[in-house]
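# Report on the structure
Listed below are the residues making up each chain.
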Amino acid sequence: MYKIAVVGDYDSIYGFATLGLDIFPVTSRKEAEEKLEHLAASKYGIIYITEALAAECKKTIDKFQEQLLPAIILIPGVFGNTGEGVQGVKLSVEKAVGSDILFSNN
Amino acid sequence: MASTQVNPTRMELTKQKKKLVTAIKGHKLLKDKRDELMRQFLDLARENMALRLKVEEGIKEANKNFVIAKAGMSEQTLNTALMAPKQEVYLDAGKKNVMSVDIPVFQSQTRTADANDIYSYGFAFTSGDLDGAVKSLADILPDMLKLAEIEKSCQLMASEIEKTRRRVNALEHVIIPETQQNIKYITMKLDESERSTQIRLMKVKDMMLEEAHHYKEKDRERAYGAG
């Protein structure tokens, strides 16, 4: 049985706690990377992370991209949408097809 | 010219021919795999993008609601209200095999069946906005789980497609032409050596006949006799 984690700055994620997801507020990049490693090693199937934080610890996230679990998913934080998540989808299309043929016009 | 040195022997020729057959068969299969993966991936990617936009919009709305809720209450009250969540979400993670790619299948379970357990506080000290904010976030949760499943599948399939595409290209542009070149080289070498053996045998035969019958001497004598 897996659990779901939400990582990010406290203001962006405190609401998820009421839904029953485990929240892990972090402030620095180092802390976030350690937390991600730790969560991935424990029983967490999905890790939601705010886009702002994800941009800082891209390397750690990329490491888990080829693994089945955990799924690390970007969500917008309280400070707005950076477009990083949408970019991620475009990147995977680019990786598979060679160029972004689906969403290049928007 | 083949880049690798091959021995021009019959055994090597058979080996190379077998290799070519396997390579062509493999190439065809991998190409089929790539095409099918690509077809499924494109559908999935479209779905992924639509879902992501929806989830991002939902979270944005929820965040807005939370900010409003926070504005109407003191920080302490809010923190106390959210301190002890009643609900818990568990995840059943299975996997599905799509064209040899394992993609995750998530099934969520909540600890209690009551949908109202997301409100982990008494309603006396909190503003109504908070209820709305929590509700809006709860509404987007199923989509978030679906997004996690689809986005992860997309990532996994994308890297598999990339790998398969490389393999297809390597077979098509390197292995197959190289093997064909090798086969050609060996065939030509073998033909060449066969011809030279033939010539040698003819020459030897000539020499042996000469030794036995002395044709040249007789020719010369006949020439003198006539003259």
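Residues numbered from 1 in each chain as written. Chains lettered and ligands numbered in written order. Predicted model: local features only at pLDDT ≥ 70, side-chain atom pairs only at ≥ 80, totals over all residues. Heavy atoms only, no water.

In the annotation of an unreviewed UniProt entry, chain B is listed under the name V-type ATP synthase subunit D and assigned to Blautia parvula. Regarding chain B, the UniProt comment filed under Function (unreviewed entry) reads as follows: "Produces ATP from ADP in the presence of a proton gradient across the membrane." Check the Sequence similarities (unreviewed entry) section of the UniProt entry for chain B; it says "Belongs to the V-ATPase D subunit family." (UniProt positions renumbered as here; feature names shortened; annotations may be inferred.)

By the naming in an unreviewed UniProt entry, chain A goes by V-type ATP synthase subunit F and is assigned to Blautia parvula.

Each helix and strand counted, chain A has six helices and four strands in total. Helices and strands in chain A line up, N terminus first, as β-α-α-β-α-β-α-α-β-α. Taking 13 Å as the expected radius of gyration for a compact globule of 106 residues, we find that chain A reaches 14 Å, a close match to that expectation. Each principal axis of the C-alpha atoms in chain A carries an extent, and together these give about 40 × 30 × 25 Å. Within chain A, the proportion of its 106 residues that are buried is 51%. A fraction of 54% describes how many contacts in chain A between residues 6 or more apart in sequence connect residues 24 or more apart. Split by element, the accessible area of chain A, about 4600 Å² in all, is 52% carbon and sulfur. Charge-centre separation for chain A: the mean point of 10 positive side chains lies 6 Å from the mean point of 14 negative side chains. (Helix = DSSP H or I, 4+ residues; strand = E, 2+ residues; numbered from the N terminus. Rg over C-alpha atoms; globule rule 2.2 N^0.38 Å. Buried < 20%, exposed > 50% of the residue type's maximum accessible area, 1.4 Å probe, protein only. Contact = heavy atoms within 4.5 Å. Areas by Shrake-Rupley, 256 points an atom, 1.4 Å probe, with all protein chains shown as cover. Lys, Arg positive; Asp, Glu negative; His and termini not counted. Charge placed at Lys NZ, Arg CZ, Asp CG, Glu CD.)

What follows covers the pairing of strand β3 (residues 44–50) of chain A. Residue and element names in this part refer to chain A. With seven of seven residues buried, β3 is to be regarded as a mostly interior element. Relative to β3, strand β1 (residues 2–8) runs parallel, the two being bridged by five bridges. Among the inter-strand pairings, Ala5 is bridged to a residue of β3, identified as Ile47. (Pairing = 2+ DSSP bridges.)

Attention shifts here to the pattern of salt bridges. All names here are of chain B. Taken as a whole, this structure holds 23 salt bridges over all chains when the rule is applied. Between Lys33 and Glu160 there is a salt bridge, with its nearest N and O atoms 2.9 Å apart. Separated by 127 residues along the polypeptide, Lys33 in helix α1 (residues 10–71) and Glu160 in helix α3 (residues 128–213) bring together distant segments of the chain. Several salt bridges converge on common partners, so that one network encompasses Lys33, Glu160 and Lys163. (Salt bridge = Lys/Arg side-chain N within 4 Å of Asp/Glu carboxyl O.)

With 47 residues of chain A in contact, the opposing surface of chain B contributes 53 residues. Surface buried jointly by chain A and chain B totals about 4300 Å² across both partners, of which 69% is contributed by carbon and sulfur atoms. At the boundary of chain A and chain B, one finds one salt bridge. Residue Lys70 of chain B is joined to Asp11 of chain A by a salt bridge in which the shortest nitrogen-to-oxygen separation is 2.9 Å. (Buried area = accessible area lost by both parts, 1.4 Å probe.)

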